[in-house]
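Residue strings, one per chain:
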Amino acid sequence: MVVSSPWLSSPVDASVSYDHKAIIVNGQRRILISGSIHYPRSTPEMWPDLIQKAKDGGLDVIQTYVFWNGHEPSPGQYYFGGNYDLVRFIKLVKQAGLYVHLRIGPYVCAEWNFGGFPVWLKYVPGINFRTDNEPFKAAMAKFTEKIVAMMKSEGLFESQGGPIILSQIENEYGPMENFGGAGAKNYVNWAAQMAVGLNTSVPWVMCKQDDAPDPVINACNGFYCDYFSPNKPYKPTMWTEAWSGWFSAFGAPVPHRPVEDLAFAVARFIQKGGSFVNYYMYHGGTNFGRTAGGPFIATTYDYDAPIDEYGLLRQPKWGHLRDLHKAIKSCEPALVSGDPTVTDVGKYQKAYVYRSKSGACAAFLSNFNPRSSAIVTFNGMEYQIPAWSVSILPDCKTAVFNTAKVGAPTSQINMIRVGGFSWESFGEDTHSLLRDKSFSKDGLVEQISMTRDRTDYLWYTTDVNIDSNEQFLKNGRDPLLTVTSAGHSMHVFVNGERAGNFYGRFGSPKVRFTGNVKLRAGSNKISILSVAVGLPNIGPHFDTWNAGVLGPVTLEGLNEGKRNLSSQKWIYQIGLRGESLSIYTLSGSSSVKWGGASTRQPLTWYKAFFNAPAGNEPLALDMSSMGKGQIWINGQSIGRHWPAYKANGVCDLCDYKGTYRKMKCQTDCGEPSQKWYHVPRDWLNPTGNLLVVFEEWGGDPTGISLVKRVAL
Ligand code: GAL
């Protein structure tokens, strides 16, 4: 078969190409072990250590998405500083001698706010995301070109001597194609052509895209990918996301994937001819600031990954995978030589044997029985293979590794308290409006169209006039207020008294308040603070999902019956007073008068100063005593806190051995989904660090402590 692809192995000019067996780097087929580390989810100071630990863990490649909304916060204004310094990150990977898989997207999903799209993009006239739509394609092409040009000018593609050996365009568009209407297929073809036309000299991948057009390689994402084969016989079998664990959502149990199962899945994939595996995530990190997607994605993006959120090795996960990689690498010459011969050595047991012309022989013996171990005979010798495991024999004789036998030590992680804080407080004003941030309008407005996601907060306030002849005033039966919101959480106040706070949950963001409220004759004020908790990052047309109080808002039990407040005049305020004064920064914090720590009031700002503790162990804040809000250190947000949201409901990642089922919460149920919040050491000065917490619910800041994460 003759195929005109720049990346098939025959053309000698491309430094990276591919064939049926593998990605070919400088003429050599390679078995590549890769791991995702998303640069904005850690700090530049952490990068060298994370990359080194990835290398020591046996990785060849670091995979990252490119985060468009971090790089282009407003149209045409680019940012590549701080933890968005993509070039610095890639150069560090090169320095460590590893390759890069650059997933430009620019849609990335990733539990990242709005899936990586800048929110301003939604307001480009005539735009329709991820389909055959000119304004969208123009914006997507412009950003993709910008990133590719930047990589080229820095000499970062492999053909230029750089580390980038692979790219990705789009992300898991396959499952969306059905919802994309007539334009979906055209869009896929356009995206592939646009990317290929950028002449990067490295192959492009589309993950979960069965119809990825040539020469783009379609790749698998999942907990298991051994069933996967690419859409053409001349493409290699690639696994772009081997899920090492799962993400955390506020209100959900903390996910965990046993390393035995992960190692089994990876070994099976390689056994069956796979030649590229990427751990998603290898280091998950932190959703700093307001970068978490969702809604309700937690601030931690630990992911139960081999390197934990704080940059420490998660053992035995990291060590067991390192041992697996070593075993796989010692089979590389045989693995890349051709296809295996496969023999049944039992009902659930198989032997895959790879041989090279030069005589190398490697065998993988698998036991797919989830319950019982087996003794199999292979080449005249007996091997005991535990349930649900693979043994690797790099010389076809000696089993040097079995995925179920963990030799790596288990680390003990302790969070050790190093100190508390001495707080001052400032009450967020709930009575007067900020002139430059408020406006009035008839009817209810969609929240993000107003805030443009520059803040989580939008106040909705309206007046309710009660006639003194109202019957309920006489008979003392309070009317029933109903507030319906598209999400994600809200605080309802009636005449300054809080009626309560309400919130949706992951997968179901809508919120409704129904309650009897005290009203008086004359004017009454109903104020609702609507709070966004991360914009959606996945799902059909996720970019069109609404947030905020869209109604109906009604009052029942009046003489007139039901009064609909939805279309009357509302006064809005975008953001909080504390935000508009930047009171979380050193200069801004002096613009208000702080008082003593009057604790446990809702909508309160707290500030304290502290010195960096001695040592270099990673640091965190234990926020267990708090409700919900946001935390800043020296003016930078470390993310949203929400320890009051306890793990309940179903676990997204429970049970294993072939299926990851949703089941009832099994561990840590009733505990906060996230109680510790990473404080990067490098954000601290030796002394006088400013810590500011905005607390919505009325938690107790005297219970907050600084802790060190110590591996024993
Ligand atoms: C995949 C997606 C990733 C991430 C992952 C779950 O479907 O491609 O970006 O969202 O799921 O963590």
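Residues numbered from 1 in each chain as written. Predicted model: local features only at pLDDT ≥ 70, side-chain atom pairs only at ≥ 80, totals over all residues. Heavy atoms only, no water.

## Side note on the state of the cysteines
Following the criterion strictly, the structure yields two disulfides and no others. The disulfide partner of Cys220 is Cys225, and the gap between their sulfur atoms is 2.0 Å. Linking Cys220 and Cys225, the disulfide has an S-S dihedral of approximately -80 degrees and is accordingly described as left-handed. Per residue, the accessibility class of Cys220 equals that of Cys225, and both read buried. Note that Cys361 is cross-linked by a disulfide to Cys396, the S-S spacing being 1.9 Å. The sign of the S-S torsion, about -75 degrees, decides the handedness of the disulfide formed by Cys361 and Cys396: left-handed. (Disulfide = S-S within 2.5 Å. Buried < 20%, exposed > 50% of the residue type's maximum accessible area, 1.4 Å probe, protein only.)

## Considering the packing of helix H6 (residues 259-271) against helix H7 (residues 317-329)
At a closest axis distance of 10 Å, the pairing of H6 and H7 adopts a crossing angle of 20 degrees. In terms of orientation, H6 and H7 fall into the roughly parallel class. Of the two elements, H6 crosses H7, and the hand of that crossing is right-handed. Along the contact surface, H6 presents Val259, Leu262, Ala263, Val266, Ala267 and Ile270, while H7 presents Lys317, His320, Leu321, Leu324 and Ile328. Here the residues of the contact of H6 with H7 are counted per class, giving nine nonpolar, one polar and one charged. (Axes fitted to C-alpha atoms, helices over the stretch in contact; angles between N-to-C directions. Helix = DSSP H or I, 4+ residues; strand = E, 2+ residues; numbered from the N terminus. Parallel < 35°, antiparallel > 145°, perpendicular 65-115°, else oblique. Left-handed = near helix turned anticlockwise from the far one by under 90°. Contact = heavy atoms within 4.5 Å. Nonpolar A, V, L, I, M, F, W, Y, C, P; charged D, E, K, R; others polar.)

## Re the pairing of strand E9 (residues 217-222)
Of all six residues in E9, six are buried, a share of seventy percent or more. Here E9 shows no split at all, with Ile217, Ala219 and Asn221 on one side and Asn218, Cys220 and Gly222 on the other all buried. Bridge count between strand E8 (residues 204-207) and E9: three bridges; the pairing is parallel. The residue of E9 that forms the bridge with Val205 is Ile217. Across three bridges, E9 lies against strand E10 (residues 238-243) in parallel orientation. Across the sheet, residue Asn221 finds its bridge partner in E10, namely Glu241. (Pairing = 2+ DSSP bridges.)

## Here we look at the environment of Ile23
Looking at the secondary structure, you find Ile23 in strand E2 (residues 23-25). Sequence separation between Ile23 and Leu550 is 527 residues, and the spatial gap between their C-alpha atoms is 51 Å. Setting aside chain neighbours within four positions, we find Ile23 in contact with Val16, Ser17, Tyr18, Gln28, Arg29, Arg30, Leu32, Leu166, Ile217, Pro236, Met238 and Ser275.

## Some words on the nonpolar core
Core analysis: the biggest nonpolar cluster contains 136 residues, and Leu102, Met151 and Leu324 have the highest contact counts within it. Residues contacting Leu324, with those up to four places away along its chain left out, are Ala263, Val266, Ala267, Tyr279, Ile392, Phe401 and Thr403. Phe288, Phe610, Tyr645 and Leu706 belong to the second largest nonpolar core, which has 28 residues in total. (Core = buried A, V, L, I, M, F, W, Y, C linked by side-chain atoms within 4.5 Å.)

## Considerations on helix H4 (residues 134-153)
Between its terminal C-alpha atoms H4 stretches 28 Å, which fits the 28 Å expected from 20 residues at 1.5 Å a residue. Taken as a whole, H4 has its buried residues at Phe136, Lys137, Ala139, Met140, Ala141, Phe143, Thr144, Ile147, Val148, Met150 and Met151. For H4, the side-chain oxygen to backbone nitrogen distance between the N-cap and Phe136 is 2.9 Å, and the N-cap itself is Asn133. Of the residues flanking the end of H4, it is Gly155, one or two places downstream, whose phi is positive at about 65 degrees. (Expected span 1.5 Å × (residues − 1). Polar contact = N/O pair within 3.5 Å; in protein donor to acceptor, adjacent residues only side chain to side chain.)

## Here we look at the site of the ligand
Around the ligand, the surrounding shell holds 15 residues, and the nearest of these are Tyr65, Glu111, Glu172, Glu241 and Tyr303. Interatomic distance of 2.9 Å between a side-chain N/O atom of Asn171 and an oxygen atom of the ligand. With respect to the ligand, the side chain of Glu172 contributes an N or O atom lying 2.4 Å from an oxygen atom. Starting from 300 Å² of accessible surface for the ligand in isolation, the protein chains cover 96%. (Near = heavy atom within 4 Å. Areas by Shrake-Rupley, 256 points an atom, 1.4 Å probe, with all protein chains shown as cover.)

## Focus on the side chain of Arg640
Residue position: Arg640 is located in strand E35 (residues 636-641). Look at Arg640 and you get buried, because its relative accessible area is 3%. Of note is the side chain of Arg640, whose polar atom sits 2.8 Å from the side chain of Asp456.

## A look at empty space enclosed by the protein
Under the definition given, this model contains two cavities of 30 Å³ or more. If you add up the space inside the largest cavity, you get close to 110 Å³. Along its surface, the largest cavity is lined by Phe129, Arg130, Thr131, Tyr173, Met176, Phe179, Gly180, Gly539, Pro540, His541, Phe542 and Asp543. Counted by class, the lining of the largest cavity contains six nonpolar, four polar and two charged residues. (1 Å grid on protein atoms, 1.4 Å probe; cavity = no way out; pocket = protein on both sides within 12 Å on 5 of 7 lines; lining within 4 Å. Points joined across faces, edges and corners; volume = space filled by probe spheres on them.)

## Examining the packing of helix H3 (residues 86-95) against H4
Two elements in contact, H3 and H4, have axes whose closest approach is 11 Å; the angle formed by their N-to-C orientations is 45 degrees. On the basis of the axis angle, H3 is oblique to H4. In this structure, H3 meets H4 at a crossing whose hand is right-handed. Across from Leu86, Val87 and Ile90 in H3, the residues of H4 making contact are Ile147, Met150 and Met151. Tallied by class, residues from the contact of H3 with H4 come to six nonpolar, no polar and no charged.

## Looking at the side chain of Asp622
Position of Asp622 among the secondary structure elements: in strand E33 (residues 619-622). For the buried Asp622, no salt bridge exists, and the shortest N-O distance to an oppositely charged side chain is 4.5 Å, to Lys675. Within the structure, the side chain of Asp622 is placed 2.4 Å from the side chain of Ser624, a separation counted as a polar contact. Contact partners of Asp622, with chain neighbours within four places excluded, come to Lys675, Trp676, Gly703, Ile704, Ser705 and Val707. (Lys, Arg positive; Asp, Glu negative; His and termini not counted. Salt bridge = Lys/Arg side-chain N within 4 Å of Asp/Glu carboxyl O.)

## Some points on the confidence of the model for the protein
Averaged over the protein, the pLDDT score is 94; the fraction of residues at 70 or greater is 95%. Here residues 1-13 is a poorly scored stretch, pLDDT under 50, and it has 27 contacts once near neighbours within four places are set aside; other chains count. (pLDDT = per-residue confidence, 0-100.)

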